[in-house]
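Report on the structure
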Amino acid sequence: MKRILTLVPEEDHSEHAVTLATEICRRTGAGLVLLRVLEERVDWPVVQPHSISGPSLKKLLVEHETAALAQVAKRLAPDLEDLEVEVVWGVPWEVVVARVEAEEFDLVIKPAWGLTPERRVFFGLTAIQLFRHCACPVWVVGDLGRLPERILAAIDPTPGDTRRQVAARILEWSMRVAALDPDARVDVGTAWDAPGAQLMRRTLRGPEVDEYVADSRQRATQELGAVLDAAGFPEQPERVHLLEGSAREALPIFIEDEAFDLVVLGTVGRNGLAGELLGETAEWILRAVRCSVLCVSPRHAGAEHAARPTPTDSSGQPASHK
């Protein structure tokens, strides 16, 4: 990993995203850019002091926020040499997408919008747009400012080149993130069902329905096994979860019950979330989770070039550091 871009909104008081980003940089040797985007307001006062113009006011605000962001960097990452802070005007997700495409960042990290009264992570417009359009993986940090220890790779292994590519990329990034912390582990979760089975049971007698359901499960098991084998995922059955039911219902319940720290999902192209996690299903998962979410796409750079840990010395610091 060479460079990480972290979006630091003015209203982010938890600083979990910055804390996580700095820890990843320490362990990988990556450079870090802390970016704050100031949005144009529709309610700028019509009457302003004669001593300051609109452009001067905007410049003053940039200078003030740059100093504030520099203090955050000094407090949370005094040991990082390759660190930049930047404050610009614009629409946050558009600025981030443009910067990533122009400068080839390996990862974008941003805080979630906030927490609901039930302490569920709330993903705002910026996060959703980044999931759809960003040219590198996007990690949205919930109420956890450290490296995750329990990671769920939520995949859809059903046939199709695009879905297989998505599943492979999800597994790559899940294992690479886990490699950053010796205490971390990756579980794989996917859902299967036998469409129409309940309706068939009302009208058919005999073993046909049971055979149909058993065949559906067997096919799902084989497809999942093929994806895991191709990705080189360790053969540990207790870490592979084939959940009965629709993905939109089974996965959020499983994520909640098992209290994962991070869920890795897949995105495709520039127009939406993919696989059986396409659109509505992904939104159900995003609404339900309490944890951080990392979204990846088959068009993103391979994880082997983006998340390789740097060897550390006995104190846990990088053996070689920029």
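Heads up: these notes are all about the structure in this document. Computed from a prediction, not measured in an experiment: that's the story for all the values here. (Residues numbered from 1 in each chain as written. Predicted model: local features only at pLDDT ≥ 70, side-chain atom pairs only at ≥ 80, totals over all residues. Heavy atoms only, no water.)

Turning our eyes to something else, we now look at the overall build of the chain. Within the chain, the secondary structure is distributed over nine helices and 13 strands. Residues counted as buried form 47% of the 322 residues belonging to the chain. A separation threshold of at least 6 residues defines the contact pool for the chain, and within that pool the share at least 24 residues apart is 78%. Entry remark: accessible area of the chain is about 16,000 Å², with carbon and sulfur atoms responsible for 53%. (Helix = DSSP H or I, 4+ residues; strand = E, 2+ residues; numbered from the N terminus. Buried < 20%, exposed > 50% of the residue type's maximum accessible area, 1.4 Å probe, protein only. Contact = heavy atoms within 4.5 Å. Areas by Shrake-Rupley, 256 points an atom, 1.4 Å probe, with all protein chains shown as cover.)

Let us now look at the pattern of salt bridges. Scanning the entire structure with this criterion turns up 15 salt bridges. Of the charged contacts, one joins aspartate 215 and arginine 219 as a salt bridge, the two residues approaching to 2.9 Å between their closest N and O atoms. With aspartate 215 and arginine 219 both in helix H7 (residues 208-231) and four residues apart, this pair spans about one turn of that helix. Of the residues examined, aspartate 215 reaches a relative accessible area of 36% and is grouped as partly exposed. Linked through salt bridges whose partners overlap, the residues forming this network are Arg3, Glu84, Glu86, Arg99 and Glu103. (Salt bridge = Lys/Arg side-chain N within 4 Å of Asp/Glu carboxyl O.)

Ranked by size, the top nonpolar core spans 55 residues in total, and within it Ile4, Ile24, Leu107, Ile109, Trp139, Ile155 and Leu294 carry the most contacts. Looking at which element gives the most residues to this core, the answer is helix H5 (residues 161-178), with seven residues. Apart from residues lying up to four places away in sequence, tryptophan 139 is in contact with Leu20, Ile24, Leu107, Val108, Ile109, Lys110, Pro148, Val177, Leu262, Ser292, Val293 and Leu294. In terms of nonpolar packing, the next biggest core, distinct from the first, is built from 39 residues, Leu7, Val37, Cys136 and Leu286 among them. (Core = buried A, V, L, I, M, F, W, Y, C linked by side-chain atoms within 4.5 Å.)

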